[in-house]
Amino acid sequence: MGPKIGVFLFSGGTNMKRMLSGIKPTGQLHLGNYIGALRNFVKYQDDYDLYVFIANLHCVTFYQEPKALRKNLKDAIALYLACGLDPEKCTIFLQSDVFAHAQLGFLLTCQSYMGELSRMTQFKEKSQKADESITAGLFTYPSLMAADILLYDADYVPVGDDQKQHVELARDLAQRFNNRYSKTFVVPEPLIQKVGARIMSLSDPSKKMSKSDESDKGCIYLLDDLKVVRKKIMSAVTDNYATVNFDKENQPGISNLLEIMSSLSGEPVDSIVCRYQGKGYGELKKEVADVVCKEIETIQSRYNEIVNSDLIEKTLQQGAEKASRISYKKLKKVQRKMGIDIF
Ligand code: ATP
Ligand code: LTN
């Protein structure tokens, strides 16, 4: 490929800032993922040179049942497309299809210190909770995540709060490498969203909505049957105040429902609260269920069209080709600077 084309692809053809994020679908995607992450990516694709990938290498830091993992990966891509990510506007790919990730991952593992990896909160939490052996992959996971980011010269990395420390490690590794070998990597910034960043469980609003919840009742999956979605919302835990207020501390359940409705409908929370003065929780739940079901119904009908079409394969192929071209150039540069290639 001639250098001109390379430069064109490298910059996304515009002066747009580059943004990259990965998701690790070890389970089915839920409403928290949608409001907190996915929907924002759909907005970002118009204003940024956006790269979104499925972090399937990160998935296997713990044992995954192969059949279930394959289905989750495929569903995640189909849902990303169904929610509005457009392969003509952004680059969507599977991490393991782009070999430079594992290669730079190893080289950055060799730039990471045992001490800093041992301090990673997620490693400490997961290794304490785990009832099976902890893999070395879980320990070096943040170095691989740094490679995911640094390969593409990403300016911004939108992530949840829990991933901020990992992006900070990517920054440290970029600076360390740049200082040791001369400027090679862009130092990325984490982008932590505020509104809708933490949708809570419907059955226990003190916990975040999560696929690792013990009970299914608190978590709305994007592929749940609509009757089940409605039932989960109608049975959401509330309180005894009997007035609709946005008060996360004293009325976390109602506040969570208000936040879900506001995020999806665009109506400000204050305005919803005003409309519900003198009305009961049942009515509010019914409207929240209507809004959520409408959104999920649209997503599911697109998902059904996509999941058995060739769009997934085409998207991943096109994405992997573009991502491979860009990341290979960066990997070669790193290898040259480190002195590990000969020609
Ligand atoms: P788990 O549900 O098992 O805790 P997770 O869904 O947090 O896992 P990921 O699948 O990696 O883990 O999350 C993908 C994205 O969705 C992240 O950016 C994360 O911050 C966001 N996200 C996850 N849960 C919520 C939630 N309840 N509210 C808002 N955003 C969320
Ligand atoms: N660790 C992240 C997923 C992830 C990621 C990345 C996010 C892997 N590589 C690079 C942003 C950038 C998670 O568990 N959510």
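Scope of this entry: the structure provided in the associated data block. The model shown is predicted, which means the values in this text are computed figures rather than measured ones.

1. Digging into the pairing of strand 2 (residues 49–54)
Remark: a regular strand shows side chains that alternate across the two faces of the sheet.
Then, number 1: In terms of burial, strand 2 is a largely internal element, 6 of the 6 residues being buried.
Then, number 2: The side-chain alternation of strand 2 yields two buried faces, one formed by Asp49, Tyr51 and Phe53 and the other by Leu50, Val52 and Ile54.
Then, number 3: Relative to strand 2, strand 1 (residues 18–23) runs parallel, the two being bridged by 6 bridges. Among the inter-strand pairings, leucine 20 is bridged to a residue of strand 2, identified as tyrosine 51.
Then, number 4: In terms of strand pairing, strand 2 meets strand 3 (residues 91–94) through 4 bridges, oriented parallel. Considered in strand 3, the bridge of phenylalanine 53 is made with phenylalanine 93.

2. As for the site of ligand 1
Then, number 1: Near ligand 1, the surroundings consist of 16 residues, among which Asn33, Ile199, Lys208, Lys211 and Ser212 are the closest.
Then, number 2: Partitioning the shell around ligand 1 into residue classes produces 4 nonpolar, 8 polar and 4 charged.

3. Some thoughts on the packing of helix 2 (residues 31–47) against helix 11 (residues 252–265)
Then, number 1: Contact pair helix 2 / helix 11: the axes reach a minimum separation of 11 Å and the direction vectors enclose 45 degrees. One way to sum up the angle between helix 2 and helix 11 is to call them oblique. In terms of crossing hand, the pair formed by helix 2 and helix 11 is left-handed. Every residue of helix 11 that contacts helix 2 at Leu31, Tyr34, Ile35 and Arg39 is listed here: Ile260, Ser263 and Leu264.
Then, number 2: By residue class, the composition of the contact of helix 2 with helix 11 is 5 nonpolar, 1 polar and 1 charged.

Parameters and conventions
- Residues numbered from 1 in each chain as written.
- Chains lettered and ligands numbered in written order.
- Predicted model: local features only at pLDDT ≥ 70, side-chain atom pairs only at ≥ 80, totals over all residues.
- Heavy atoms only, no water.
- Buried < 20%, exposed > 50% of the residue type's maximum accessible area, 1.4 Å probe, protein only.
- Helix = DSSP H or I, 4+ residues; strand = E, 2+ residues; numbered from the N terminus.
- Pairing = 2+ DSSP bridges.
- Near = heavy atom within 4 Å.
- Nonpolar A, V, L, I, M, F, W, Y, C, P; charged D, E, K, R; others polar.
- Axes fitted to C-alpha atoms, helices over the stretch in contact; angles between N-to-C directions.
- Parallel < 35°, antiparallel > 145°, perpendicular 65-115°, else oblique.
- Left-handed = near helix turned anticlockwise from the far one by under 90°.
- Contact = heavy atoms within 4.5 Å.

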